[in-house]
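Below are the chains, spelled out letter by letter.
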Amino acid sequence: SFQAYHLQWQSAVFMSTFREPVERWYSQYKFEHLERRDGQAANMPRKPMIQWYHNNCQYFMGSNYYIKTFMGVVDTIDSSTRLGDFYWTYKKFRKYKIQWDDFMTALNTIRKFDLILILDMLDDSNTAMLLENVLGWTNPPVRVRPHDKQAPKRDEDKIRVPLGGSSAVRKIPYDDYIEIAQDNVLDMLFYKAVRRIYLERYACAMYF
């Protein structure tokens, strides 16, 4: 996870992408579990998202992923002992209860980032302009899905969730969506704030 001292790197450019928190959870669920990258046998039934969510919250970083990422808490464990464990740096948050001060710390941190991108706006011309202004890139952003060939989506992967659609709120039971959203309420607020920062920066780059 991001650590506060990283901001002291004078020559570094800091950037991050964001998406609506429940959408991010659903994407992780689909990528890891429905598309069978988590080691589950092909003939095993897929868990409902709410069950998978609770299992992963308990084992990994818990809820409010964005707040925990940008709180800047320094890791106390040597990373060389955690090779192959993608989530080791988040496990310090397993029993941690997010507080309002943590929200403000994360928000103050993200304000210092040079570039903030919103995933559902990556195809927009405003993102291309920001990429050029900050990084000097002139090629427009293109969505690439490098893992599609690794684990192709199959019909049986798609029927584990109700009525399809473009958003998680239409793909998982409504009550489950509300439970996950409430569990990540500070992340939901953080996403709204970050989205506003993104749009304000675009407006400033556009008109000033």
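Conventions adopted
Residues numbered from 1 in each chain as written. Predicted model: local features only at pLDDT ≥ 70, side-chain atom pairs only at ≥ 80, totals over all residues. Heavy atoms only, no water. Helix = DSSP H or I, 4+ residues; strand = E, 2+ residues; numbered from the N terminus. Contact = heavy atoms within 4.5 Å. Areas by Shrake-Rupley, 256 points an atom, 1.4 Å probe, with all protein chains shown as cover. Expected span 1.5 Å × (residues − 1). Buried < 20%, exposed > 50% of the residue type's maximum accessible area, 1.4 Å probe, protein only. Pairing = 2+ DSSP bridges. Arc of directions from axis to C-beta. Core = buried A, V, L, I, M, F, W, Y, C linked by side-chain atoms within 4.5 Å. Axes fitted to C-alpha atoms, helices over the stretch in contact; angles between N-to-C directions. Parallel < 35°, antiparallel > 145°, perpendicular 65-115°, else oblique. Nonpolar A, V, L, I, M, F, W, Y, C, P; charged D, E, K, R; others polar. Phe/Tyr/Trp six-rings, centres within 6.5 Å; stacked < 30°, edge-to-face > 60°. Lys NZ or Arg CZ within 6 Å of the ring centre and 35° of its normal.

A. Seen up close, the overall build of the chain. Counting its secondary structure elements, the chain contains 8 helices and 2 strands. Taking the intrachain contacts of the chain between residues at least 6 apart in sequence as the baseline, contacts between residues at least 24 apart amount to 73%. Summed over its atoms, the accessible surface of the chain is roughly 12,500 Å², and 54% of this surface lies on carbon and sulfur atoms.

B. Up close: helix 8 (residues 185-207). End to end, helix 8 covers 33 Å across 23 residues, agreeing with the expected 33 Å (1.5 Å per residue, within 8%). When we look at burial in helix 8, the residues that qualify are Leu186, Asp187, Phe190, Tyr191, Val194, Ile197 and Tyr198. Where helix 8 is buried, its residues contact strand 1 (15-18), helix 1 (21-34), helix 3 (65-70), helix 4 (100-110), strand 2 (115-118) and helix 5 (125-135).

C. Representation of the pairing of strand 1 in the model. With burial as the criterion, only one face of strand 1 is covered, namely that bearing Ser16 and Phe18; the residues Met15 and Thr17 on the opposite face remain uncovered. Note: strand 1 against strand 2, 4 bridges, orientation parallel. Looking at strand 2, one finds that methionine 15 is bridged to leucine 115.

D. Structural context of helix 5. Here helix 5 has its buried residues at Asn126, Thr127, Leu130 and Leu131. Considered in projection along helix 5, the buried side chains sweep an arc of 140° and stay on one side of the axis. Summarising the contacts, the buried residues of helix 5 are in contact with strand 2 and helix 8. Downstream of helix 5 by one or two residues, glycine 136 has phi in the positive range, about 80°.

E. Main features of the nonpolar core. Phe18, Ile110 and Phe190 are the most contacted members of the largest nonpolar core, which totals 47 residues. When residues of this core are traced back to their parent elements, those giving at least two are helix 1, helix 2 (49-59), helix 3, helix 4, strand 2, helix 5, helix 7 (174-183) and helix 8. The residues contacting phenylalanine 190, other than those within four sequence positions of it, are Phe18, Tyr66, Ile67, Phe70, Phe103, Ala106, Leu107 and Ile110.

F. Structural view of the packing of helix 5 against helix 8. One can describe the packing of helix 5 onto helix 8 by two numbers: an axis separation of 10 Å at closest approach and a directional angle of 75°. Between helix 5 and helix 8, the crossing angle belongs to the class labelled roughly perpendicular. Residues Asn126, Thr127, Met129, Leu130 and Asn133 of helix 5 touch helix 8, and the partners they reach there are Tyr198, Arg201, Tyr202, Ala205 and Met206. Its residues assigned to classes, the contact of helix 5 with helix 8 comprises 6 nonpolar, 3 polar and 1 charged.

G. Region of the structure containing the packing of aromatic side chains. Tallied over the full model, the rule gives 19 aromatic pairs. When the ring of tryptophan 25 is compared with that of tryptophan 52, the centres are 6.0 Å apart and the planes differ by 75°; the resulting orientation is edge-to-face. Placement of the pair is tryptophan 25 in helix 1 and tryptophan 52 in helix 2, with a sequence separation of 27 residues. For tryptophan 25, a relative accessible area of 1% corresponds to the buried category. Through a chain of ring-to-ring contacts, three or more aromatic side chains come together here, namely Phe2, Phe14, Phe18, Tyr65, Tyr66, Phe70, Tyr90, Trp100, Phe103, Phe113 and Phe190. Against the face of tyrosine 65 rests arginine 24, its NZ or CZ located 4.0 Å from the ring centre.

H. A look at unusual backbone geometry. Within the chain, arginine 36 stands out as a residue other than glycine whose phi angle is a positive 65°. Tracing the backbone shows arginine 36 in the loop between helix 1 and helix 2. Located in the positive-phi region is asparagine 64, a residue other than glycine, with phi close to 55°. Mapped onto the secondary structure, asparagine 64 falls in the loop between helix 2 and helix 3.

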